[in-house]
Amino acid sequence: MSRIHFHQTIFGPINSRRLGISLGINLLPTNYKLCTFNCIYCECGWTEVEPDTEVNFVPATEIVIQLEERLKELKEEGVIPNSLTLAGNGEPTVHPEFGAIVDGAIALRDVYFPDARISVLSNASKLEDPAVLKALKKVDYNIQKIDAGTERTFQLINQPKVPITLREVVDSLKQFKGNFVVQTLFLRRELDGVRIDNTTEEEITSWLALMKEIRPRRVMLYSIERETPLRGIEKITKNELARIAARVEKMGICAEFFD
Ligand code: SF4
């Protein structure tokens, strides 16, 4: 597959389906993916490096310097980002100075583009770390992944590389007291008798029960957009996403979908 790697620490801005004009801040290595999950749909490809591998992360001070340089350029060019987004080649919260980078991004946002949001795209696997939790509580758009309603489907879709269960993810998300956003990618795949499907009635019912339990301020539903590392994944239609979103709205939780 053609995998997407961000070869710079600061990338874009790109036009994001969910975040508008988004300036990316890649906290991970620039030449490979580093993640605690190995999602079958990941645009960065398979997770080939173990999450506990020794990594030379770009220091927080250097990331903040690079971010400020890029923000100055955007200001001069008249480009106004909607979001400064911590994401990139994997799970951003694995950076050991995640908190300092969040603080630096917030301070620079306030100076250069006060209307832009600070967004983080995360998989909720590092919330046992108090520093990560504290930093995520400061951002405007704390977007956390829940792709399944049942443990079996969670393991099949997200294939965590660290020991974690869906129940642990859900319980740890309760620490945000509803001040976060859930993102869920819906998909189906059946090959050689193995079915991976988070759109069955059983899955949707279980997933809705989780939403009811954690009550995020918003839920983002989306489908695959590009080639995936596991072949044969079906793209869920806009109508199907709309039907699921309507069920979320019925519970009094904002939902939006992106196909
Ligand atoms: S959590 Fe995100 S970066 Fe990690 S494997 Fe899944 S989609 Fe890729």
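Definitions and cut-offs
- Residues numbered from 1 in each chain as written.
- Predicted model: local features only at pLDDT ≥ 70, side-chain atom pairs only at ≥ 80, totals over all residues.
- Pairing = 2+ DSSP bridges.
- Helix = DSSP H or I, 4+ residues; strand = E, 2+ residues; numbered from the N terminus.
- Axes fitted to C-alpha atoms, helices over the stretch in contact; angles between N-to-C directions.
- Parallel < 35°, antiparallel > 145°, perpendicular 65-115°, else oblique.
- Left-handed = near helix turned anticlockwise from the far one by under 90°.
- Contact = placed C-beta atoms within 7 Å.
- Buried ≥ 20, exposed ≤ 12 C-beta atoms within 10 Å, placed from the backbone.

A word on the sheet that holds strand E10 (residues 234–235)
Consideration 1: Pairing in this open sheet of three strands is antiparallel, and the strands run E8-E7-E10 from one edge to the other. The open sheet has two edge strands, strand E8 (194–197) and E10, and neither has a second partner.
Consideration 2: Examined bridge by bridge, strand E7 (residues 187–191) and E10 share two bridges and lie antiparallel to one another. Of the residues in E10, the one forming a bridge with arginine 188 is glutamate 234.

Topic: the packing of helix H2 (residues 98–112) against helix H3 (residues 130–138)
Consideration 1: Running from amino to carboxyl end, H2 crosses H3 at an angle of 15 degrees, the nearest separation of the two axes being 8 Å. One element, H2, and the other, H3, form an angle in the roughly parallel class. Crossing handedness for the pair H2 and H3: left-handed. When H2 is examined against H3, the residues Phe98, Gly99, Val102 and Ile106 are found in contact with a partner set consisting of Ala131, Val132, Lys134, Ala135 and Lys138.

Let's talk about the sheet that holds strand E1 (residues 10–16)
Consideration 1: Read across the open sheet, the eight strands follow the order E1-E2-E3-E4-E5-E6-E9-E11; overall the sheet is mixed. The sheet is open, and its two borders are formed by E1 and strand E11 (254–258), each paired with just one other strand. Pairwise comparison of adjacent strand axes, ignoring direction, gives a mean angle of 25 degrees for this sheet.
Consideration 2: With four bridges joining them, strand E3 (residues 83–87) and strand E4 (residues 117–122) adopt parallel strand pairing. Residue pairing in the sheet places serine 83 in a bridge with arginine 117 of E4.

Examining unusual backbone geometry
Among all residues save glycine, negative phi is the norm, and among peptide bonds the norm is trans.
Consideration 1: Looking along the chain, the bond that leaves glycine 12 and enters proline 13 is cis, with omega of 15 degrees.
Consideration 2: Phi at alanine 124 is positive, roughly 65 degrees, even though this residue is not glycine.
Consideration 3: Positionally, alanine 124 belongs in the loop between E4 and H3.
Consideration 4: Among the residues examined, alanine 124 registers 26 C-beta atoms within 10 Å and is labelled buried.
Consideration 5: Despite not being glycine, lysine 177 shows a phi value in the positive range, around 50 degrees.
Consideration 6: Mapped onto the elements of the fold, lysine 177 is located in the loop between helix H5 (166–173) and strand E6 (181–185).

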